[in-house]
Amino acid sequence: MSRTDLDIEPESGPPPRDDRAFPGQPKGLLTLSGLEVWERFSFLGMQAILVLYFADTVTHGGMGMSAGTAASVSAAYGTLVYLVSVAGGWLADRILGSYRAVLWGGILIACGHYAMAVPPTGMTWVGLGLISAGTGLLKPNVATMVGKLYRTDDDRRDAGFALYYMAINIGAFAGPLVTGWLGDHKGWHWGFSAAAIGMTLGLVQYVAGRRHLAGRKHSAEFALSPEAMRRAIRLIVTGLAVTAAVAFLLATAGRLTMDRFVDLLTLVSVIAPAVYFAVMFSSGRVTPEERGRLRPYVVLFLASTVFNFILFQAYSTMILLASTNAGTTVLGFDFPAGWYASALGAFEVALAPVVAALWVRMGRRQPHASNKIAIGVVLGGLSFLLMVLPTSGRSSDDYLMSVWWIVGAYLLLGLGDVLLETSGMSATTKLAPAAFAGQTMSLWFLSLALANGIQAQTVKLYDDVSKPAYFGVNGAIAVAAGLLVMAAAPWLRRTMHPVH
């Protein structure tokens, strides 16, 4: 049975009077949406300035990396976050339970941001490790807790998730505004401090509103037996300790360098989904009909990977380009380059209800889910192709393009994200085999990990090729991928039934 298909448990559900306490929605939705506002505020606020911090000079408080290396390390961090998220769902299901997984995840995230607020370079790596582990626990389980606020036949479920995703984008909009200004005017570690405070506020309101949450009992829903749990905990602790010791020894001996670590994460991001799909295709618990629906899902999985490869560069190469070659003045007002990242969240907040209303108005005439995903991929590619125009024909690298080129690229990315993410998640839940239904979030996170893993290698070329070539080739590949998905639409519509 899927954990997303469970009804609210009477012994762990919120008080009955909470059911419509938040404008027609369960009051627990306010608690969880508030947590996500602050989690995205801290995560994306930090990410908006992370690549700038890596690339800034040591004398100015940065780490002195080249632009390509800074983008590669930033992408590797994203790879680690989404790989750990796969384990986070299992830990919540089998050991911790959703409420405690989210709580401990938030605590680790806050501790990570506080560590990054401390200037010594070593604390940056400690902080990123803690944030990766914490996000891996928190991110896959908050959405599960939102689902537990509703019974499976509750007509308010879709509207509730729409409000929840709007909260995510509000945090994505606000975070870079605060951290970007502090990083530019006070120092990078001031920006990391703001992210830490934001996550702390999110935790406070999460704990304060815990009585409004469903499924908050201490035990995990599909808990291991006591003996199996003790054995699993011993294996996890031992494995982490051995891994840390080996990594320390290899780093001390000069065998584990940053480049090799990035390469290792990319390798894992490629192997993990390949193994995952191989297990599902060969499993005796998967029926022939379900195996037939898995084939089109592989296409959608790869489409998601291509789009997110472009999307995640909104926080790496696009920010780097904006910091060196884009104007930072609008109507006489100067703003830091990190603020460009806020445009993405702003566009998604504005466009999501418009797109949702359009689909409602079109009814059964709306595009098939595969075409929505394909259009999203094409828009992502066009956002990069747009950057070819202002970067072409330059005799040197000291030019400044108009603000609106970057903003226009983020508009295309925001619309593409709205189209792809909602349709992709819905298709994932419907196409996954019943035996693997509880692990559908893991599948989606693996596409994000793979996108970051590929990005970690590709962005190394950012310093070595011309900007028109870099953005043009990557953008053209994404557009071609989207067009191929469109070309496969008849086969996808036939094999993706019952997805519309």
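Not measured: the values here are computed from a predicted model.

## A few points about the pattern of salt bridges
Two side chains bearing opposite charge may form a pair once their charged atoms approach each other closely. Applying the stated criterion to the full structure yields five salt bridges. Between glutamate 36 and lysine 139 there is a salt bridge, and its shortest N-O distance comes to 3.2 Å. In this pair, glutamate 36 is assigned in helix H1 (residues 27-55) and lysine 139 in helix H4 (residues 121-147), connecting sequence segments 103 residues apart. Across the pair, lysine 139 and glutamate 36 agree in class, each one buried. In this structure, lysine 460 and aspartate 263 form a salt bridge, with 3.0 Å as the shortest nitrogen-oxygen distance. Taken together, the residues span a long stretch of sequence, with lysine 460 in the loop between helix H15 (440-458) and helix H16 (467-487) and aspartate 263 in helix H8 (residues 258-282) at a distance of 197 residues. Residue classification places aspartate 263 among the partly exposed positions, given a relative accessible area of 35%.

## Things to note about the nonpolar core
By size, the foremost hydrophobic cluster in this structure holds 94 residues, and its most contacted members are Met46, Phe54, Tyr340, Ile406 and Tyr410. Tallying contributions element by element places helix H2 (residues 67-96) first for this core, with eleven residues. In this structure methionine 46 touches Phe41, Tyr77, His113, Met116, Leu128, Ile131, Thr179, Phe192 and Ala195, once residues within four positions along its chain are discounted. Ile109, Ala143, Met145 and Ile168 belong to the second-largest nonpolar core, a separate cluster that totals 22 residues.

## What to know about helix H10 (residues 317-325)
Buried residues dominate H10, accounting for seven of its nine residues. Along H10, the positions that sit buried rather than exposed are Thr317, Met318, Ile319, Leu320, Leu321, Ala322 and Asn325.

## Some thoughts on the environment of leucine 420
Within the fold, leucine 420 resides in helix H14 (residues 403-431). Note: C-alpha distance between leucine 420 and glycine 472 (52 residues apart in sequence) is 22 Å. The contacts of leucine 420, once residues within four sequence positions are left out, are Ala303, Ser304, Phe307, Asn308, Ile373, Val377 and Trp444.

The rules behind each value
Residue indices begin from 1 for each chain and proceed along its sequence in written order. Local features are withheld for residues below a pLDDT of 70 in this predicted model, meaning they are given only at 70 or higher, and side-chain atom pairs are given and counted only at 80 or more; totals for whole chains, interfaces and linings count all residues. Hydrogen atoms and water are omitted, and side-chain values are computed over all heavy atoms in the structure. A carboxyl oxygen of Asp or Glu within 4 Å of a side-chain nitrogen of Lys or Arg is what we treat as a salt bridge. Strands are runs of DSSP state E lasting at least two residues, helices are runs of H or I lasting at least four, and both sets are numbered from the N terminus onward. Relative accessibility decides the category of a residue: with a 1.4 Å probe and only protein chains considered, values under 20% of the type maximum give buried, values over 50% give exposed, and everything between is partly exposed. In this description, a nonpolar core means a group of buried Ala, Val, Leu, Ile, Met, Phe, Trp, Tyr and Cys residues linked to one another through side-chain atoms lying within 4.5 Å. Contacts: residue pairs with any heavy atoms within 4.5 Å of one another.

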